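Residue-level structural notes
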Amino acid sequence: MTSRRDFFKYAGIAGGAVAASAVSRVAMAALPEPVIQTSPNTMAPLVPNSGRAYNPVVTLNGWTLPWRMNQGVKEFHLVSEPVVREMAPGFKAHLWGYNGQSPGPTIEVVEGDRVRIFVTNKLPEHTSIHWHGQRLPNGMDGVAGLNQPAIPTGKTFVYEFVARRPGTFMYHPHADEMTQMAMGMMGFWVTHPKVKNPLIDEVQRDFCFLLNAYDIDPGSYTPKIMTMLDFNLWSWNSRIFPGIDSLNVRLNDKVRIRVGNLTMTNHPIHLHGHEFLVTGTDGGPTPKSTRWYEVTTDVAVGQMRQIEFLADEEGDWAFHCHKSHHTMNAMGHNVPTLIGVDHRGVAKKINNLIPDYMVMGERGMADMAEMEMPIPDNTAPMMTGEGPFGSVEMGGMFSVLKVRRDQKPGDYSNPGWFKHPKGTVAHEYTGPLAEPARFKSEGGQSMPRSQKPAIPTEVKVRKPSSSHDNH
Ligand SMILES: [Cu+2]
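Below, the structure is looked at part by part. Because the structure is a prediction, the values reported are computed rather than measured.

We now examine the packing of aromatic side chains. With the rule as written, the count across this model stands at 13 aromatic pairs. Considering the side-chain rings of F161 and W189, the 5.7 Å spacing of their centres and the 25° angle between planes classify their relative orientation as stacked. With F161 in strand β8 (residues 156-162) and W189 in strand β10 (residues 187-192), this pair connects stretches of sequence that are 28 residues apart. The buried category is assigned to F161, whose relative accessible area is 1%. Relative to F398, the ring of F241 has its centre 4.7 Å away and its plane inclined at 70°; by these criteria the two rings are edge-to-face. On the criterion of sequence distance, the pair formed by F241 in the loop between β12 (233-236) and β13 (247-250) and F398 in strand β23 (residues 398-404) is long-range, its members being 157 residues apart. Each member of the pair F241 and F398 is classed as buried. Through a chain of ring-to-ring contacts, the aromatic side chains of Y98, W131, Y159, F161, Y171 and W189 assemble into a single cluster. Positioned above the aromatic ring of W67 is the side chain of K74, whose terminal nitrogen or guanidinium carbon lies 4.5 Å from the ring centre. Its end group placed over the ring of W417, K402 keeps NZ or CZ at 4.4 Å from the ring centre.

It is worth spelling out the layout of surface pockets at this point. Computed from the structure, the second largest pocket encloses a volume of approximately 670 Å³. Lining the second largest pocket are 35 residues, with F241, V392, F398, V400 and W417 positioned closest to its centre. Those elements that place two or more of their residues in the lining of the second largest pocket are β20 (315-321), β21 (384-387), β22 (390-394) and β23. A per-element tally of the lining of the second largest pocket places β20 first, with five residues. Taken together, the residues of the lining of the second largest pocket break down into 16 nonpolar, 13 polar and six charged.

Right, let's talk about the sheet that holds strand β18 (residues 296-299) for a bit. The sheet built from five strands is open, its strands ordered β13-β23-β20-β15-β18 with mixed pairing. The sheet is open, and its two edges are formed by β13 and β18, each paired on a single side. Averaged over all pairs of adjacent strands, the angle between their axes in this sheet comes to 20°, without regard to strand direction. Pairing analysis gives four bridges linking strand β15 (residues 267-271) to β18, with the strands arranged antiparallel. In the sheet register, I269 faces β18, and the bridge partner there is T297.

What follows covers the coordination of the copper ion. Here the copper ion is held by the protein donor atoms H267 (ND1), C321 (SG) and H326 (ND1), which lie 2.0 Å from it. The sequence pattern formed by the donor residues of the copper ion is H-x53-C-x4-H. Of the two residues, C321 and H326, both sit in the buried class.

This next bit is on the sheet that holds strand β7 (residues 130-132). If you trace the four strands from one edge of the open sheet to the other, you get β5-β10-β9-β7, paired in mixed fashion. Across the chains shown, the open sheet's two edge strands, defined by having one partner strand only, are β5 (107-110) and β7. Neighbouring strand axes in the sheet, compared pairwise and without regard to direction, differ in orientation by 25° on average. Pairing of strand β9 (residues 167-172) with β10 involves five bridges; the strand directions are antiparallel.

With that settled, the discussion passes to the side chain of H172. Its location among the elements puts H172 in strand β9. Of the residues examined, H172 reaches a relative accessible area of 7% and is grouped as buried. If sequence neighbours within four positions are ignored, H172 has contacts with Y98, S128, I129, H130, H132, M181, M185, M186 and L262.

A few words on the pattern of salt bridges. On inspection of all chains with the given rule, the structure shows 16 salt bridges. Between R116 and E160 there is a salt bridge, with the nearest N and O atoms lying 2.7 Å from each other. Placement of the pair is R116 in strand β6 (residues 114-121) and E160 in strand β8, with a sequence separation of 44 residues. Taking relative accessible area as the criterion, E160 reaches 23% and is therefore assigned partly exposed. Three or more residues are tied together by salt bridges with common partners; here these are D201, D206, K254, R256, R258 and E308.

Rules behind the numbers
- Residues numbered from 1 in each chain as written.
- Predicted model: local features only at pLDDT ≥ 70, side-chain atom pairs only at ≥ 80, totals over all residues.
- Heavy atoms only, no water.
- Phe/Tyr/Trp six-rings, centres within 6.5 Å; stacked < 30°, edge-to-face > 60°.
- Helix = DSSP H or I, 4+ residues; strand = E, 2+ residues; numbered from the N terminus.
- Buried < 20%, exposed > 50% of the residue type's maximum accessible area, 1.4 Å probe, protein only.
- Lys NZ or Arg CZ within 6 Å of the ring centre and 35° of its normal.
- 1 Å grid on protein atoms, 1.4 Å probe; cavity = no way out; pocket = protein on both sides within 12 Å on 5 of 7 lines; lining within 4 Å.
- Points joined across faces, edges and corners; volume = space filled by probe spheres on them.
- Nonpolar A, V, L, I, M, F, W, Y, C, P; charged D, E, K, R; others polar.
- Pairing = 2+ DSSP bridges.
- Axes fitted to C-alpha atoms, helices over the stretch in contact; angles between N-to-C directions.
- Donors = N, O, S within 2.8 Å, 3.2 Å for Na, K, Ca; no water.
- Contact = heavy atoms within 4.5 Å.
- Salt bridge = Lys/Arg side-chain N within 4 Å of Asp/Glu carboxyl O.

Any functional reading would require information beyond the geometric quantities listed.
Below you can see the structure in the form of structure tokens.
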């Protein structure tokens, strides 16, 4: 993750790239110029240059939308449009988003701010934006048909309300949302407290990202929008590991991570090496009496969670969804389980017909990460990501919390791999070994049946061979 340099690049392209075709010259003069971002890198926090000061958030593989102050009102300009999102190096998806990216830029304001958001629709169909979790006038809630007419293609609508409640929010369309959210339309919203709030602690690092999911066939570019459950790309901010940036912090920083879920299933988000408190939801800060330490917290569909912890253990700590199928990329789910199956004879016969035929999975799936299998162009490798000790055999919703003694305050750049102190890494043992204790007796049953017990049978387990020579 590059930080400062990118930020200046991003500040440099501020303004301009959107065509004025849909909006008249007069209207354009009244609109703040839309800021467009196309780099998938994590941008440095946007330090506010007007309005009340706050400690800004960092959006993983994303950015914060600059605003224009107009007579005390913070004005933002969102453009709904088709975008190309690099989901991982070498893998680009054709999505819909805002201002050049999916997800759209994070909006950061302060409790009590009056906010005016211009929304220009450059999609091929109508849209709207719902400001998830906000207290606002009913006509600003963004449900097309219910609260407002949908925004037609080529038109600009304006939303205006006061950010009344501090906290962690998101925005997304409420018009054809099945299509538009499956295509990547969503963004984060953070409202910072106006004055010191007893339930909101000051932190040194404040990260945010949205959980999203796509179903993109290997070799293609566009998500299948009809998919309900069987997605094959589980992403954070429309990025999949190894394309998700690490969360880089200084030793003993207090860290807040805000997560929102706009997928179709829940995600137990799990942090290694530390315990955290859930300090807030999209409903606001949690009362202190309800907080207890966790290392995993489930984020259900349409929910947001903010977690906080003291980063007091140096190292590279895994941070991921605990559903193991969500830390894989582009899986075919119709693959049978082959662990323990002996297909030596079958493989030989198939090899006579198809010389390149390979048997997969008889010793587990780890081989998949190492076998550089030929795959169609623009396909995410199923599980990759090289660590300092080899493949981490993960994809999807996975990243790393990097805690470093010498990370400078405010420096979000990637410090590289952790250098473990001598003698603190698990290693091969070659000394004498005692016979390990092993459970040997037969099992019983809690409620014995009156009939005769079944004839005992034993499944034959084939031990894996140490080489492929016998294939
Ligand atoms: Cu998950």
